[in-house]
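# Coordinate analysis (summary)
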Amino acid sequence: MPASSDQQAIAKLEAIFLAQQTAHRENPYSSLATRLDLLGRIPAMMMGNAKRIAEALNSDYCQHPALTTYMFDVLNVVARAQYVMEVLPTWMAREERPLNPDIYGSSKAYIEYQAKGGIGNMPAWNFPVDLSMGPLCEMLAAGNRVIIKPSEQTPAIGELLAEMISANFDAEQVSVVNGGIGLARHFSTLCWDHLLYTGNTAIGREVMVNAAHNLVPVTLELGGKNPTVFTKGAVTQENVDRMLGIKLTKNGQLCITVDHCFVPVEQLDAFIEKVTAYITAKTGDYTQSALNCAVINPRQFDRLQRYVDEAKQSDTTRVVELGSLAERGDGAAVACRMPFTLVVNPEPGSLLDQNEVFGPVLPVLTYEHFDEVVHKIQAAERPLGIYIFSDEPALIERLQRNTTSGGFVANAAALQGAQENLGFGGVGKSGMGRHHGIEGFREFSNPRGCVEVADDANLTPLMSPHDEATRQLVSAVTGGMLD
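Quick caveat: nothing in here was measured; it's all calculated off a predicted structure.

## Some remarks on the pairing of strand β12 (residues 361-367)
When you tally the buried positions in β12, you get seven out of seven residues, the bulk of the element. Residues V361, P363, L365 and Y367 line one face of β12 and the alternating positions L362, V364 and T366 line the opposite face, and both faces are buried.

Quick look at the structure:
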């Protein structure tokens, strides 16, 4: 987008930001009925535009199956909104806290979850609808006003989201602002009451630095090399199929997907055979299959191809490509396509070893002893998810208790991010904060501590200057130790 267009987008953003801030100051509390009304608009909006969403995603990717859209970018959001509506009265209720009756009598103390105000949301390009509309459910549930800045890499979706939101919400409540890199960089410099960013760690660091200048609290949903462990005896066709069913989602362009697998060395050949069987049976020529999303654009294609090309240069790394030759499209009229590629034991320090894959490439690391896998995972950066396939509960527990990650799944992968009632997020360099479920509601709320003092309260011992009444209280509490 030209600089002049970004300047116009920035001006639009600042005008809407100011309008929302003013509206919140004038009306900082929205009732349960108001919040339910806003949330209730989301399911009908999503279902009514489902086909247009599928068309827009297909345009942005140059190949994006409609069923993938309906499953993850439409129905997920509908279910999330419906769940939030169902439980919102409970979430909004005051949380009573006990007080010492000898001092406070029948006084009350409680946490009241208060709207933060104006929230900015910067979703990633891989799930541009779900990451825009999903968190919106908890943001609205908490009583906030929201501005969404879609990724410049999904312009068709950005335009459609702007149209959908403007048709269903007042701009002072929810708005979408589209623009390029200039707008994206400016977005995180505003004095938000909270900011959500989903994307890579490098940009997440820049967003956090910008937010820090205004002491803006942030939720960062970043990436990470999510390890998946197959224990001895767990390399079954069912388990491999289940792992691949997740890995192939969005052609591997999913932050919580399987990044790499640990496989017992004696079962490596069996693992490769089972992967090959699944890919062939489900997709035929994986590269050309209409069941797959394309790699979104040439930049991402080139990055992935560098990873594979480097691996091919190694004498100790085995590369297995399942599908016809890769095709570097233009990301507009011609799709970028790649075979599903297994890279066995990439060299330490290689691109695949150091970087999140985020595509149809699966590094496979062989091991002899389970504890060496636990040690490798412990020594690495903390990921969004850790996954294990095993029929041995003791090994599952050992991995779970001796590692740290945003989520953990046994005998599947990535499902921690698919539950509308389960807080989702990262830890360390994979992110901070949570959305989904009550954790999301609380993330976007101010938990205000409140005390209502009753007539029968005796606050004299607390009041300065402290005198005999205070001494008697201290003596009673300490058993005379401080007399």
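From this point, the narrative continues.
## Details of the environment of V451
With respect to the secondary-structure elements, V451 resides in strand β16 (residues 445-452). A relative accessible area of 51% means that V451 is categorised as exposed. The spacing of V451 and K247 is 204 residues in sequence and 50 Å in space, taken between C-alpha atoms. The residues touching V451, leaving out its near neighbours within four places in the chain, are K108 and A109.

## Structural notes on the sheet that holds strand β7 (residues 218-221)
Strand order in this open sheet of six strands is β5-β4-β3-β6-β7-β15, and the pairing throughout is mixed. Edge positions in the sheet fall to β5 (174-176) and β15 (431-432), since each has one partner strand and no second. The sheet contact formed by strand β3 (residues 118-122) and strand β4 (residues 145-148) spans four bridges and is parallel. Of the residues in β4, the one forming a bridge with G118 is R145.

## Regarding helix α9 (residues 201-213)
Its 13 residues place the ends of α9 19 Å apart at the C-alpha level, agreeing with the 18 Å of an ideal helix rising 1.5 Å per residue. Restricting attention to buried positions, one finds in α9 the residues G204, V207, N210 and A211. Along the long axis of α9, the arc covered by the buried residues comes to 125 degrees, so they all point the same way. Turned more than 90 degrees from where α9 packs its buried face, A202 and H213 sit exposed. Downstream of α9 by one or two residues, L215 has phi in the positive range, about 55 degrees.

Rules behind the numbers
Residues numbered from 1 in each chain as written. Predicted model: local features only at pLDDT ≥ 70, side-chain atom pairs only at ≥ 80, totals over all residues. Heavy atoms only, no water. Buried < 20%, exposed > 50% of the residue type's maximum accessible area, 1.4 Å probe, protein only. Helix = DSSP H or I, 4+ residues; strand = E, 2+ residues; numbered from the N terminus. Contact = heavy atoms within 4.5 Å. Pairing = 2+ DSSP bridges. Expected span 1.5 Å × (residues − 1). Arc of directions from axis to C-beta.

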